[in-house]
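Descriptive structure summary
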Protein chains: 2
Amino acid sequence: MTQGIADVVESIAPADCDAMREARERLDALTKPRGSLGRLEELAVQLAGMTGRVRQRMPSKAVILMAGDHGVVEEDVSAFPQSVTAQMVKNFLAGGAAINVLAKNAGARVTVVDVGVAADLAQHRDLVIRKVGYGTANLAAGPAMTVEEAMQAIEIGFSCVDQELARGVDLIATGEMGIGNTTASSAIASVLLGRPPSEVVGRGTGLDEAQLSEKANVIERAISLNSPDLCDPMEVLAKLGGYEIAGLAGVILRAASEQLPILLDGFITGAAALVAARLCPTAIEYMIASHCSAEPGHRLVLEELRLKPLLDLDLRLGEGTGAALAMHLVDGALAILNEMATFEEAGVANRADYA
Amino acid sequence: MTQGIADVVESIAPADCDAMREARERLDALTKPRGSLGRLEELAVQLAGMTGRVRQRMPSKAVILMAGDHGVVEEDVSAFPQSVTAQMVKNFLAGGAAINVLAKNAGARVTVVDVGVAADLAQHRDLVIRKVGYGTANLAAGPAMTVEEAMQAIEIGFSCVDQELARGVDLIATGEMGIGNTTASSAIASVLLGRPPSEVVGRGTGLDEAQLSEKANVIERAISLNSPDLCDPMEVLAKLGGYEIAGLAGVILRAASEQLPILLDGFITGAAALVAARLCPTAIEYMIASHCSAEPGHRLVLEELRLKPLLDLDLRLGEGTGAALAMHLVDGALAILNEMATFEEAGVANRADYA
């Protein structure tokens, strides 16, 4: 592990229990039956723990969308050609993709990071070009990345968070684009969860039954060929992952070290979060599971991380779309703590007075 | 049934299939794998069917919050005293309650309707005073309302929707306040679903185990005493319901007759929706189930209506809070249809081209 990564991992502190208790007390004093806002209240308490602040301004929000290509597309694991990764990056920059629409709706900016797209992309105000390579190698024929490449991508994730921090952002959502990346994510999840690929794998952007079973075979082969040490998350990431997955692991770790809440999106983010959690379990305290996707592996990853998704809408698009939708719930949770009247302020009889 | 109610029921037309097909076609042409936005796409199709428009401006939104009191509080079925209904109405008008905070966050106005609070309330810009009575009678000792009162409350619901329409509102959410109203709602649900009160009843704002069982007994007694004809939803509503529940049934029916999507909130709204659906099954096509509450009866009601809730956050507050949270998903679904680029516009290879 580089010194940079070790330093970030080292600096991740547990959530602030005092702020959580204070948030709980405030929630109980507000004009509603105790706990009646259910998971919105839990989210409010978590946010207080992450940031150390009970009442805070509405967050300035950003989606960090990491894009990279995957050599494993040689194995016909995707319903779309590899060229779509670069085409979609252009679509993101032109504002025409689902994430643009949903991020705008949530008041969030979108930063796109080319961490390894297999094509040269033109400069753009909203594009950070930090290519580690032109797509990973085919994980079914050897390691997808070297450990050095994986660490480089993680550190790119760090610097992307630092850039957002410098802009005053205080809530980050993860997003990704990369044709073939559900295969890489499934391979990581399979190894780190100790489950066969057939239990983890899903249809991605639209495989049929036969293609799905072939995808599981490809992953099986990749794991047996690379035989990564399951106790070494960096090795698992390097051998089976992708540049954008490593980059997102970096985003998550850095956000946690800066006490920033991090909204996880779908299955690819989930694989990155699993790697981050194995590198530093405390990082989980800064993760918010925005939704549970239609990819079967995602639910298993969230269970392993003991994260309960806020939304369950059968999304399977990625890009950060589920995280963008969940931003409204974060805003709602914070607004409740900030703006509601207490029983005392409103002159409403509290249950405690009545009992 | 009054002529006014019969006319509204008569005028509710099925959703527009052509608009739904057109919305589906547009969704499939947008730059994302088909169906990959899951339930957000289903919602977009439903909204097109309700309004007859595939692409539409972001809706102007209102929460109609009906407040009323319940004679059944004599039976000690609530953790809060009856006076809290009026106190909370004042809190709504002062902007300090959860619904104020969440509606503001969703860009929605809140109209409060006193359809039967057991206290005189001062005039206020955001308060419509249309009292049918000062609280219903105790349903455990006789009918809660006369059929005439129930119909009067339904027609008040109609006029509230008409008032919002005149303001240019095109998305309405239901909300309510009324100490004791989970008891009335449970009684209605029990009869109309044909299930024993013990399966339907929940803790409301915070009953303990013994109080919960006593609440089921009270409802059992109320049903056996009133013995409403389960094939006559108006009689069930009158004998077991409440002014605000009847008012909300009116809001739902009128919204449906005007092709307005109606965001249902929690269990009390669910009981009103069940009555509305029995009066006119086609009205269900205009209902959006915003969430599933922690009250066990709510899930049963939604199953009966074949509505799948968008959110599942263990809310049990009412007021329209779940509906306000779901407004963001409606905005998201409409924005996807309006703002995303097609494969052709963005120059992205479609799966169909590739296959």
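Residues numbered from 1 in each chain as written. Chains lettered and ligands numbered in written order. Predicted model: local features only at pLDDT ≥ 70, side-chain atom pairs only at ≥ 80, totals over all residues. Heavy atoms only, no water.

1. Some remarks on the overall build of chain A
Within chain A, the regular secondary structure consists of 16 helices and six strands. What you see for chain A is a C-alpha radius of gyration of 20 Å, in line with the 20 Å of a compact globule of 355 residues. For chain A, with 355 residues in total, the buried portion stands at 66%. For chain A, contacts bridging at least 24 residues in sequence account for 75% of all contacts bridging at least 6. Surface accessibility of chain A: about 11,900 Å² in total, with carbon and sulfur atoms responsible for 48%. In chain A, 29 positive and 46 negative side-chain charges are present, and the distance between their average locations comes to 6 Å. (Helix = DSSP H or I, 4+ residues; strand = E, 2+ residues; numbered from the N terminus. Rg over C-alpha atoms; globule rule 2.2 N^0.38 Å. Buried < 20%, exposed > 50% of the residue type's maximum accessible area, 1.4 Å probe, protein only. Contact = heavy atoms within 4.5 Å. Areas by Shrake-Rupley, 256 points an atom, 1.4 Å probe, with all protein chains shown as cover. Lys, Arg positive; Asp, Glu negative; His and termini not counted. Charge placed at Lys NZ, Arg CZ, Asp CG, Glu CD.)

2. Focus: the interface of chain A and chain B
Facing the 55 residues of chain A at the interface are 55 residues of chain B. Summing the contributions of chain A and of chain B, the shared interface buries around 4,600 Å²; its carbon and sulfur component is 64%. Between Glu339 of chain A and Lys104 of chain B there is a salt bridge, and its shortest N-O distance comes to 3.2 Å. Summed over the shared surface of chain A and chain B, the result is 16 residue pairs in polar contact (both at pLDDT 80 or more). Those elements giving two or more residues to the side of chain A that touches chain B turn out to be α3 (38-51), α4 (83-94), α5 (98-105), α14 (321-339), α15 (343-346) and α16 (351-354) of chain A. Residue contributions to the side of chain A that touches chain B peak at nine residues, all from α14 of chain A. Its residues assigned to classes, the side of chain A that touches chain B shows 28 nonpolar, 16 polar and eleven charged. (Buried area = accessible area lost by both parts, 1.4 Å probe. Salt bridge = Lys/Arg side-chain N within 4 Å of Asp/Glu carboxyl O. Polar contact = N/O pair within 3.5 Å; in protein donor to acceptor, adjacent residues only side chain to side chain. Nonpolar A, V, L, I, M, F, W, Y, C, P; charged D, E, K, R; others polar.)

3. Notes on the packing of aromatic side chains
Applying the stated rule across the entire model yields two aromatic pairs over all chains. Measuring from ring centre to ring centre gives 6.4 Å for Phe80 of chain A and Phe343 of chain B, while their planes differ by 15°; the resulting arrangement is stacked. Here Phe80 of chain A is found in the loop between β1 (61-68) and α4, whereas its partner Phe343 of chain B is found in helix α15 (residues 343-346) on a different chain. Exposure class is identical for Phe80 of chain A and Phe343 of chain B. Each is buried. The side chain of Lys131 of chain A reaches across the aromatic face of Tyr134 of chain A, ending 4.9 Å from its centre. (Phe/Tyr/Trp six-rings, centres within 6.5 Å; stacked < 30°, edge-to-face > 60°. Lys NZ or Arg CZ within 6 Å of the ring centre and 35° of its normal.)

4. Looking at the layout of surface pockets
Residue and element names in this part refer to chain B. Estimates place the volume of the largest pocket at around 320 Å³. Taken as a whole, the second largest pocket holds about 230 Å³ of empty space. In terms of lining residues, the second largest pocket is bounded by 15 residues, among which Gln46, Met287, Arg306, Leu307 and Lys308 are the most central. Counting only elements with at least two residues in the lining of the second largest pocket, the list comes to α3 (38-51) and β6 (287-289). The leading source of residues in the lining of the second largest pocket is α3, at five residues. (1 Å grid on protein atoms, 1.4 Å probe; cavity = no way out; pocket = protein on both sides within 12 Å on 5 of 7 lines; lining within 4 Å. Points joined across faces, edges and corners; volume = space filled by probe spheres on them.)

5. Quick notes on the relation of the copies chain A and chain B
Once turned by 180° and shifted 0.0 Å along the axis, chain A lies on chain B with an RMSD of 0.0 Å. Look at the turn and shift together and you get a two-fold axis relating the two. (Least-squares fit on C-alpha atoms with pLDDT ≥ 70 in both.)

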